[in-house]
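So you can see what is in the structure, the chains are spelled out below.
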Amino acid sequence: PPPSFPLQAPPSSTASGSFTLLENRDWKPGAPGSWKPEAGSYYHSCHMPLTLTDVYSARRIIYRTLRPTALLQHALLQAETGLDIHVKHENHNPTTAFKVRGGLNLVGRLDRVAWRGVITATTGNHGQSIALACRLAGVPCTIAVPEGYNPDKDAAIRALGANIVEIGRDFDAA
């Protein structure tokens, strides 16, 4: 997952002043509608070049909560293919998905000012990741989802303590 960094909310932002905006979108420097990274109270998850320092920093944050994911030999696949195959069992993570790392890293990087609350939009695993990370950090969390989305994902996010707001027909509307 890409690192997060402080940004000022864009002029067209609909973010509440009492929440940290976590946008799950690509940020393109200089693109129409984008804004320049600066010190501020809002955060944005975006795709920027990673450094080795970013990776080591994320690892320290993530492994406060998670153990390294098991990489196990898979006898049936080996027998079928004749290859030495190892499978990484992401389904053994708390949210049963690899995205839990991104949420832990993102929330783990928030400053104390941003701990007033987090709001994000999702259609699934991203929401569980943020909800779990916020619960562990004691940060209030609201997840916007499309109306009528997956009831299993809804139950999982609610079980992690997040407030859910159903709005719009799809992810973009939420």
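Bear in mind the structure is a predicted one, so any value in this text is a computation, not a measurement. Sequence order sets the numbering: in each chain, residues are counted from 1 along the sequence as written. Reporting of local features is limited, given that this is a predicted model, to residues whose pLDDT is at least 70; pairs of side-chain atoms are given and counted only at 80 or more, and all residues count toward the totals for whole chains, interfaces and linings. With hydrogens and water set aside, each side-chain value is computed from the structure's full complement of heavy atoms.

1. Re the overall build of the protein
Note the cut-off: By the criteria applied, helices consist of DSSP H or I runs no shorter than four residues and strands consist of E runs no shorter than two, each listed in order from the N terminus. Burial status follows relative accessibility: with a 1.4 Å probe on protein chains alone, a residue under 20% of its type maximum counts as buried, one over 50% as exposed, and anything between as partly exposed. Method for areas: the Shrake-Rupley scheme with a 1.4 Å probe, in which residue coverage is limited to the protein chains shown.
Across its full length, the protein holds five helices and eight strands. Ordered by position from the N terminus, the helices and strands of the protein form the series β-β-β-α-β-α-β-α-β-α-β-α-β. Within the protein, the proportion of its 174 residues that are buried is 39%. Put simply, the protein shows about 10100 Å² of open surface, and 55% of that area lies on carbon and sulfur atoms.

2. Points about a nonpolar patch on the surface
Note the threshold: Residues forming no salt bridge and having over 30% relative accessible area are the ones grouped into patches, like charges within 9 Å of each other and nonpolar side chains (Val, Leu, Ile, Met, Phe, Trp, Tyr) within 5 Å. Just to be clear on terms, a salt bridge is a Lys or Arg side-chain nitrogen sitting within 4 Å of an Asp or Glu carboxyl oxygen.
Judged by side-chain polarity, L50, L52, V55 and Y56 come together as a nonpolar surface patch covering roughly 380 Å² of accessible area. Inspection of the secondary structure assignment puts L52 in helix α1 (residues 52-62).

3. Regarding the pairing of strand β7 (residues 141-145)
Defined as follows: Here, strands pair whenever DSSP counts at least two bridges between them. Seen with its strands pointing away from the viewer, a crossover is right-handed when the path leading from the first strand over the helix to the second is clockwise.
Across the five residues that make up β7, a large majority, five, are buried. On β7, burial covers both faces: C141, I143 and V145 on one face and T142 and A144 on the other are all buried. Examined bridge by bridge, strand β6 (residues 118-121) and β7 share four bridges and lie parallel to one another. Across the sheet, the residue bridging to A121 is A144, located in β7. Handedness of the crossover joining β6 and β7 through helix α4 (residues 125-137) is recorded here as right-handed. Strand direction decides the pairing type here: β7 and strand β8 (residues 163-166), joined by four bridges, are parallel.

4. Overview of the packing of helix α3 (residues 100-108) against α4
Applied cut-off: A fitted line through C-alpha atoms serves as each axis, taken over the contacting stretch for helices, and the angle formed by two N-to-C directions is quoted from 0 to 180°. Oblique is the label for every angle not falling under 35 degrees (roughly parallel), over 145 degrees (roughly antiparallel), or within 65 to 115 degrees (roughly perpendicular). The crossing is said to be left-handed when, going from far helix to near helix, the turn is anticlockwise and less than a right angle, and right-handed when the turn is clockwise. What makes two residues a contact is simply this: any of their non-hydrogen atoms within 4.5 Å. Here the term charged refers only to Asp, Glu, Lys and Arg, the term nonpolar to Ala, Val, Leu, Ile, Met, Phe, Trp, Tyr, Cys and Pro, and the term polar to all other amino acids, Gly among them.
Orientation of α3 relative to α4, taken along the N-to-C sense of each, is 45 degrees, at an axis distance of 7 Å. Compared by their axis directions, α3 and α4 come out oblique. Two packed elements cross with a definite hand, and for α3 against α4 that hand is right-handed. When α3 is examined against α4, the residues V100, G102, G103, L104, L106 and V107 are found in contact with a partner set consisting of S129, I130, L132, A133, C134, L136 and A137. For the contact of α3 with α4, the class distribution of residues is ten nonpolar, three polar and no charged.

5. Regarding the side chain of T95
Mapped onto the elements, T95 comes out in the loop between β5 (86-88) and α3. When its relative accessible area of 3% is taken as the criterion, T95 is described as buried. Excluding anything up to four places from it in sequence, T95 contacts V100, Q128, S129, L132 and L160.

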